[in-house]
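Reading the structure
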Amino acid sequence: MSAKHRPRRDMFRWLGIGVCLVISAWTYGQDASTSPVSGPPSPPPDKNTAPAPEKIYPKSLGYPCQNYHFLSGVVAYNPETDRNLMALSSLCEVSPMQIIFVDYKSREFTDVIAPSGSGAWAMSLTPSGKQMIIGAFFTGHVMLFDFDQWAFVADVPVPDAPYIWNFAPGGDGRMYFGVFGEGRLFAFDLESKTVTPCGSGLPPNSSLRWVSPLPDGRILCVYGTEQPGARIYDPASGTYADPPEALRHIQRGTVWNGLFVSGNQVFDRELKPLDPPPFPLPAGDSKDWSVILEATSRDRLYLQQGTAIYRYQPGDSGLTPVCDIDLKGGRIIGATADGGLYGIRGPQYFHVEPGSTALDRRTISQRVPYRPPALLIPDNAGNVWGAPPLGATLFMMNDKTGVSTNTGLVIDGDGVVKSLVAYNEIIYGVVDPANEIFRLNPADPWDQFSGKNPRSLAVLRNRGLKRCDGGIVVGPGGKKLYSGWTMGEGMNEGAVAITDIESGETKILENPLGKAPITGIAVDENFIYLLTGSVEGTQGEVKASFGVIGVDTFQAYAGFPLEGVSAARWLTLAKTKNTAVFSADGAIRAVNLDRMRLVGLPNPPPPNVTAPGISWPGGSSVYYVSDRQVIQMDPATGVFSVIAELPTKAQAFCGVRFGDLYAACGAEVFRIPLI
């Protein structure tokens, strides 16, 4: 770490350096390394492999996926300097967690590398406001950062608790938190800097998802997911009790002016509902408002009605308007001393001054963490596209030089880019959990915030679809998008969504092969090819199968069960061999589409598929990765060869049409040249 970016002990007093923040254009890029990576000699052939190919050495294209993904944050105030400090937690899957500190007015920032963890959902100021407590995942550590010392002063492991969800102050001065891991409650002592277990109030739940302070110093604990429910923990006695009936469906809340507030409900110290509440309300529907918990403190209340935000303090004659702005999926994380608001929106953060009419969004474009691509696709126009494991953003990388560009959010809201496809240099994709299909034209200016580019084609979350587990493809002639979905309360049904590529009008085909999630999809001029099988969260028995329906009639044409298979995915058509290739519980499988039967594979068979996806870039072979090995296989016979070896295990893979192959190993992307 250079001296320019070392944490400054005096940062909280704002005497120091920092580098200028830059208001983001839609992208920012970075040249990538092109140094070759040597591979080991090819293995000797056996009777099931093709003759040993000429050695292919993967070539590093650098680290194209570089973007902040802010998970949580707090706003601290220093009365000595009258400055507000925003601290943000960024997700760092392959590097140590960064805590970013920003002075919005001076446009200065610095970062501190946390002693543990890859990110944090749980961040909170301590009651004094002079320290910040952080709960890190995947390590399950509680860390305490002291603003005056400008250093972490505690790093305490929590046994068997990979996720810490949030913090709440208790009446005994300790900070309480719930974990994923037997649904336990813990207390952190700010003086001794020790963690004390407080048991599990509602077994057999695995997660204590929310803890909230109550006016009398007790803690409201909300559990899930096995048997969701709530309990109240008393720090004084160390016992749990059932909440009153009025609190049984409250997820979380906070204390304001000696009252418990949550949503549009208010409770007194004895947890009895107060209706109407003891403060003025926005005009209109008496229930059409909610408390902004992240901004509300013990003496200042923030309310939201639609896009309008108000604040109120005891003694005020009425509500004070703060702003009336559509945050477009942004999240408020805290309030400033002058009554303004800070928030985050994907890789950006924003500030709202009292009276603002527009959202002032900014992007930190320095020291951006490397992220591991979760998927790769070619646009067959000189670029490879991809997305990180979490965050509704994309990156674009030149497929020869590795020069890359990263984007902001592709939809209004956060989530996971589940699938991408390119057609005529236009990028289409699906984001969960919004179940939103978007369209991006890289040739046009970026203006997602105005809904112009990328733009939403269809939002399917209100049509019974749960998750896009089957991917998205473009149909014949480029007129329709076809996507495969999981649906049903038990995640045990499926659907195909057919979306007009221009208007976004979408037709839903429910359970086209019977009740089972759609886990793979491919389309040609005549047929829609489908896989079904179990997915994450599936309840009950689901049979994996391969089937074909008419592209116009939607009637079943042929199909058969995949005996003994639970999960089938990553369906690809190898058109020159008229075969469909996919993964069945990791094993590579191929279907002869003329005979509509599985292709007999050698014994022993080709290596398992270990990452999405299986690529047919044209020609007579398909390609995929198995851990570190790049496999070339004839889909008609199963004869295979190992054509290259990657430096580490790959988690994403693709091939360019009549071009090269690409694999992501951690945050680094490699080109495997075929021509």
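What you are looking at is a predicted structure, and each value in this text was computed from that prediction instead of being measured.

**Focus on the overall build of the protein chain**
- The number of helices and strands found in the protein chain is zero helices and 55 strands.
- Relative to the globule expectation of 26 Å for 675 residues, the C-alpha radius of gyration of the protein chain, 27 Å, shows essentially globular dimensions.
- For the C-alpha atoms alone, the extent of the protein chain along its principal axes is close to 80 × 55 × 45 Å.
- Split into buried and exposed, the 675 residues of the protein chain put 57% on the buried side.
- Contacts spanning at least 24 positions in sequence make up 47% of the contacts within the protein chain whose residues lie at least 6 apart.
- Looking at the protein chain as shown, the accessible area adds up to about 27100 Å², and 48% of this sits on carbon and sulfur atoms.

**Observations regarding the packing of aromatic side chains**
- Taken as a whole and judged by the stated rule, the model has 27 aromatic pairs.
- Within the aromatic cluster, the residues linked to one another by ring pairs are Trp121, Phe137, Phe138, Tyr163, Trp165 and Phe180.
- Positioned above the aromatic ring of Trp165 is the side chain of Arg209, whose terminal nitrogen or guanidinium carbon lies 4.1 Å from the ring centre.
- Over the ring of Tyr104 we find Arg362, and its NZ or CZ is 3.6 Å from the ring centre.

**Here we look at the pairing of strand β8 (residues 131–137)**
- Of all seven residues making up β8, seven are buried, and the element is well covered by its neighbours.
- Neither face of β8 is exposed, since Gln131, Ile133, Gly135 and Phe137 on one face and Met132, Ile134 and Ala136 on the opposite face are all buried.
- One ladder, built from six bridges, connects strand β7 (residues 119–125) with β8; its direction is antiparallel. Among the inter-strand pairings, Ala120 is bridged to a residue of β8, identified as Ala136.
- Here β7 folds back onto β8 in antiparallel fashion, the turn holding five residues, of which Gly129 has a positive phi close to 80°.
- Both β8 and strand β9 (residues 141–146) contribute to a ladder of six bridges, which runs antiparallel. Looking at β9, one finds that Ile134 is bridged to Met143.

**Regarding the environment of Thr110**
- Mapped onto the elements, Thr110 comes out in strand β6 (residues 108–113).
- Residue classification places Thr110 among the buried positions, given a relative accessible area of 7%.
- Spatially, the C-alpha atoms of Thr110 and Ile99 are 8.6 Å apart, while their sequence positions differ by 11 residues.

**A look at the pattern of salt bridges**
- Going through the model one piece at a time under the given rule, you end up with 20 salt bridges.
- Of the charged contacts, one joins Lys400 and Asp399 as a salt bridge, the two residues approaching to 3.7 Å between their closest N and O atoms.
- Taking the relative accessible area as the measure of exposure, Lys400 reaches 44% and is therefore partly exposed.
- Asp399 sits in the buried class, given a relative accessible area of 6%.
- Put simply, Arg467 and Asp469 hold a salt bridge, and the shortest N to O gap is 2.9 Å.
- Among the residues examined, Arg467 registers a relative accessible area of 17% and is labelled buried.
- One continuous salt-bridge network, built from bridges that share partners, spans Asp399, Lys400, Asp660 and Arg671.

**Brief notes about the side chain of Arg371**
- For Arg371, the position within the fold is in the loop between β29 (360–363) and β30 (375–378).
- Separated by 2.7 Å, the side chains of Arg371 and Glu93 make a polar contact.
- Excluding residues that lie within four positions of it along the chain, Arg371 makes contacts with Cys65, Asn67, His69, Leu91, Glu93, Pro388, Pro389, Leu390 and Ala667.

**Notes on a nonpolar patch on the surface**
- Taken together, the side chains of Tyr63, Val94 and Tyr370 make up a nonpolar region of the molecular surface, amounting to roughly 250 Å² of accessible area.
- Tracing the backbone through its elements, the reader meets Tyr370 in the loop between β29 and β30.

**Looking at the sheet that holds strand β26 (residues 331–335)**
- Taken in spatial order, the four strands line up as β26-β27-β28-β29 in an open sheet, and their pairing is antiparallel. In this open sheet, the two edge strands, each paired with only one partner strand, are β26 and β29. Direction aside, the axes of adjacent strands within the sheet are offset by 30° on average.
- Pairing of β26 with strand β27 (residues 341–345), which is carried by four bridges, proceeds in the antiparallel orientation. Across the sheet, residue Arg331 finds its bridge partner in β27, namely Ile344.

**What about the sheet that holds strand β55 (residues 668–672)?**
- In space, the four strands of this open sheet follow the order β2-β55-β54-β53, with antiparallel pairing throughout. Edge positions in the sheet fall to β2 (59–60) and β53 (652–655), since each of these pairs with one other strand and no more.
- One ladder, built from two bridges, connects β2 with β55; its direction is antiparallel. Counterpart to Ser60 in the pairing with β55 is Phe670.

**A word on the confidence of the model for the protein chain**
- Residue-level pLDDT values for the protein chain average 90, and 92% of them are 70 or greater.
- For the stretch residues 1–45, pLDDT sits under 50, and the model shows 121 contacts to residues farther than four places along the chain or on other chains.

**What to know about the environment of Thr393**
- By secondary structure assignment, the location of Thr393 is in the loop between β31 (383–387) and β32 (395–398).
- Along the sequence, Thr393 and Pro347 sit 46 residues apart, while their C-alpha atoms lie 8.3 Å from each other.
- Apart from residues no more than four positions distant in its own chain, Thr393 is found in contact with Asn67, Pro347, Gly386, Ala387, Pro388, Thr407, Gly408, Leu409 and Val417.

**A few points about the side chain of His351**
- By secondary structure assignment, the location of His351 is in strand β28 (residues 348–352).
- For His351, a relative accessible area of 7% corresponds to the buried category.
- His351 has contacts with Tyr104, Thr336, Leu341, Tyr342 and Asp360, leaving out every residue within four places of it along the chain.

**Section: the environment of Asp160**
- Along the chain, Asp160 turns up in the loop between β10 (151–157) and β11 (163–169).
- The contact partners of Asp160, leaving out residues within four places of it in the chain, are Phe180, Gly181 and Arg184.

**Points about the pairing of strand β15 (residues 207–213)**
- Counted residue by residue, β15 has six buried out of seven residues, so it is predominantly covered.
- Looking at chain direction, β15 and strand β16 (residues 219–224) are connected through six bridges and run antiparallel. When the bridges of β16 are listed, Ser207 appears paired with Gly224.
- Counting the residues in the hairpin turn of β15 and β16 gives five residues, including Gly217, whose phi is positive at 95°.

**Some details on unusual backbone geometry**
- Cis geometry is adopted by the peptide bond preceding Pro454, which originates at Asn453 and carries an omega value of 0°.
- Along the polypeptide, Pro454 turns up in the loop between β36 (436–440) and β37 (455–459).
- One non-glycine residue with positive phi stands out, namely Lys193, at about 60°.
- Note that Lys193 resides in the loop between β13 (185–189) and β14 (194–197).
- Phi angles above zero are rare outside glycine, and Asn511 is one such case at about 45°.
- Here Asn511 lies in the loop between β41 (506–510) and β42 (518–523).
- On the basis of relative accessible area, Asn511 is assigned to the buried category, the value being 16%.

Conventions and cut-offs
Residues numbered from 1 in each chain as written. Predicted model: local features only at pLDDT ≥ 70, side-chain atom pairs only at ≥ 80, totals over all residues. Heavy atoms only, no water. Helix = DSSP H or I, 4+ residues; strand = E, 2+ residues; numbered from the N terminus. Rg over C-alpha atoms; globule rule 2.2 N^0.38 Å. Buried < 20%, exposed > 50% of the residue type's maximum accessible area, 1.4 Å probe, protein only. Contact = heavy atoms within 4.5 Å. Areas by Shrake-Rupley, 256 points an atom, 1.4 Å probe, with all protein chains shown as cover. Phe/Tyr/Trp six-rings, centres within 6.5 Å; stacked < 30°, edge-to-face > 60°. Lys NZ or Arg CZ within 6 Å of the ring centre and 35° of its normal. Pairing = 2+ DSSP bridges. Salt bridge = Lys/Arg side-chain N within 4 Å of Asp/Glu carboxyl O. Polar contact = N/O pair within 3.5 Å; in protein donor to acceptor, adjacent residues only side chain to side chain. Patch = residues over 30% accessible without salt bridge, like charges linked within 9 Å, V, L, I, M, F, W, Y side chains within 5 Å. Axes fitted to C-alpha atoms, helices over the stretch in contact; angles between N-to-C directions. pLDDT = per-residue confidence, 0-100.

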